[in-house]
Amino acid sequence: MNLFQVIILAIIEGITEFLPVSSTGHMVVASALMGIGTDEFVKLFEVVIQLGAILAVVVLYFKRFVRSVDFYIKLVIAVIPAVIAGLLLKKYIDVLLESPLVVAIALVVGGVILLFVDDWFNRPVVKDEKNISHMTAFKIGVFQCLAMVPGVSRSAASIVGGMSQKLSRTAAAEFSFFLAVPTMFGATVKDLWDFKKKGLFDTPNFHQDIKFLIIGSVVAFIVAMIAIKSFITFLEKRGFKLFGVYRIIAGVVIIVIYFTGSALR
């Protein structure tokens, strides 16, 4: 990886992490188009800059994170399904992460769902995180597990899950943001530990790699701050249909490229 690629991937991560369009899917496709391999450092980079983007949530919603102990209990309950599924399915997930075709199919399917989700769940009852029950938090966590398939989108899965439990669009989106913090933090710590055991931190290029990790994280953090604010404003006014259209178009384009060229193979 070079500096240009680092910045591009970080921008993509910052924009897409909280939008229902799949940040992982976009990273997989962008890496393939730029000719970036799938070596251990690239995997580490993608994990670390996700954490950079996630920290934007803590900064923007800091008051929510210090409001009550029950807030954390809900997040712990909601993250349990992902922890269990991750431990059981990690080796299969790693294989899927290398397939742009899987990403494309998931983008299209998820896009079709987003075209109709505003109409399916148009009578919300819960409009604030403090009114989310523990059982509802768990159910949203189960929906989040669908995002282990690249292209599904963690944000989309958890938001749709929240709306299916009668959360408003804004409440579902914000709880999805909050849930991202323990989910991605836990995944990052585990991956960092795995990389350490593999000796990735002992390579001759480690100092150069650290610089790229820091730059990527800072860029992802700044871009994510802007993306979160813009997404909530857009969501309150327009809903999810435009994201559905985007996903379908992006998925179809990726499928066409995949079967007509070698860029994504």
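Below, the structure is looked at part by part. In this text the structure is predicted, and so the values were computed from the model without any measurement. (Residues numbered from 1 in each chain as written. Predicted model: local features only at pLDDT ≥ 70, side-chain atom pairs only at ≥ 80, totals over all residues. Heavy atoms only, no water.)

## Some remarks on the pattern of salt bridges
- The full count for this structure, using the stated rule, is six salt bridges.
- A salt bridge links K74 to E129, with the nearest nitrogen and oxygen atoms 3.4 Å apart. Of this pair, K74 sits in helix α5 (residues 69-96) while E129 sits in the loop between α6 (100-120) and α7 (134-144); the two residues are 55 residues apart in sequence, bridging distant segments of the chain. Just as K74 is buried, E129 falls in that class too.
- We note a salt bridge from D118 to R169, for which the minimum N-O separation is 3.3 Å. (Salt bridge = Lys/Arg side-chain N within 4 Å of Asp/Glu carboxyl O. Helix = DSSP H or I, 4+ residues; strand = E, 2+ residues; numbered from the N terminus. Buried < 20%, exposed > 50% of the residue type's maximum accessible area, 1.4 Å probe, protein only.)

## Here's the deal with the environment of L55
- Relative to the helices and strands, L55 resides in helix α3 (residues 40-60).
- Separated by 129 residues in the primary sequence, L55 and M184 have C-alpha atoms spaced 9.9 Å apart.

## Things to note about the packing of aromatic side chains
- As enumerated under the stated definition, the model contains 13 aromatic pairs in all.
- Both rings, one in F65 and one in F178, keep their centres 5.7 Å apart while their planes meet at 85 degrees; by these two values the pair is edge-to-face. With F65 in helix α4 (residues 62-65) and F178 in helix α9 (residues 169-197), this residue pair connects regions lying 113 residues apart in the sequence.
- Classification of F65 as buried rests on a relative accessible area of 7%.
- Plain terms: the ring middles of F177 and F231 are 6.1 Å apart, the flat faces sit at 55 degrees to each other, and that makes the pair tilted. Separated by 54 residues along the polypeptide, F177 in helix α9 and F231 in helix α10 (residues 206-238) bring together distant segments of the chain. Taken individually, F177 and F231 each receive the classification buried, so the pair is uniform in this respect.
- Linked through ring pairs, F18, Y61, F65, F71, Y72, F177, F178, F231, F234 and F243 together constitute an aromatic cluster. (Phe/Tyr/Trp six-rings, centres within 6.5 Å; stacked < 30°, edge-to-face > 60°.)

## Here we look at α6
- For α6, built from 21 residues, the straight-helix expectation of 30 Å at 1.5 Å per residue is met to within 8% by its first-to-last C-alpha distance of 30 Å.
- At L114, α6 is bent by approximately 30 degrees, the largest bend along its length.
- Taken together, the buried positions of α6 are occupied by P100, V103, A104, A106, L107, G110, G111, L114, V117 and D118. (Expected span 1.5 Å × (residues − 1). Bend = angle between axes of the 7 residues up to and from the residue.)

## Points about the nonpolar core
- With 59 residues, the main nonpolar core has F18, V57, F177, F178, F231 and F240 as its most contacted residues.
- Element by element, the count of residues in this core is highest for α9, at eleven residues.
- Counting seven residues, the second largest nonpolar core, distinct from the first, contains V29, A104, A250 and I254. (Core = buried A, V, L, I, M, F, W, Y, C linked by side-chain atoms within 4.5 Å.)

## Section: the environment of Y72
- When you line up the elements, Y72 lands in helix α5.
- Given a relative accessible area of 38%, Y72 falls into the partly exposed group.
- Sequence separation between Y72 and F178 is 106 residues; the distance between their C-alpha atoms is 9.6 Å.
- Residues within four places of Y72 in sequence aside, it is in contact with F65 and V66. (Contact = heavy atoms within 4.5 Å.)

## What to know about a nonpolar patch on the surface
- Taken together, V76, I80, I84, L88, L89, M135, F138 and V142 make up a surface patch of nonpolar side chains, about 720 Å² in accessible area.
- At the level of secondary structure, the elements contributing two or more residues to the nonpolar patch comprise α5 and α7.
- With five residues, α5 is the single largest residue contributor to the nonpolar patch.
- In this structure, I84 sits in helix α5. (Patch = residues over 30% accessible without salt bridge, like charges linked within 9 Å, V, L, I, M, F, W, Y side chains within 5 Å. Areas by Shrake-Rupley, 256 points an atom, 1.4 Å probe, with all protein chains shown as cover.)

## Examining the layout of surface pockets
- The volume enclosed by the second largest pocket comes to roughly 200 Å³.
- If you trace the second largest pocket, you find it lined by A106, V109, G110, I113, L114, F143, L146, V152, A156, A157, V160 and R247.
- If you list the elements that add at least two residues to the lining of the second largest pocket, you get α6 and α8 (154-164).
- Of the residues that constitute the lining of the second largest pocket, the class distribution is ten nonpolar, one polar and one charged. (1 Å grid on protein atoms, 1.4 Å probe; cavity = no way out; pocket = protein on both sides within 12 Å on 5 of 7 lines; lining within 4 Å. Points joined across faces, edges and corners; volume = space filled by probe spheres on them. Nonpolar A, V, L, I, M, F, W, Y, C, P; charged D, E, K, R; others polar.)

## A closer look at the packing of helix α1 (residues 3-16) against α3
- Between α1 and α3, the shortest axis-to-axis distance is 10 Å and the interhelical angle comes to 50 degrees. Between α1 and α3, the angle is such that the two are oblique. Every pair of crossing elements has a handedness; the one defined by α1 and α3 is right-handed. Facing V6, L9, A10 and E13 of α1, the residues of α3 in contact are F45, I49, Q50 and A53.
- Residue composition of the contact of α1 with α3, by class: six nonpolar, one polar and one charged. (Axes fitted to C-alpha atoms, helices over the stretch in contact; angles between N-to-C directions. Parallel < 35°, antiparallel > 145°, perpendicular 65-115°, else oblique. Left-handed = near helix turned anticlockwise from the far one by under 90°.)

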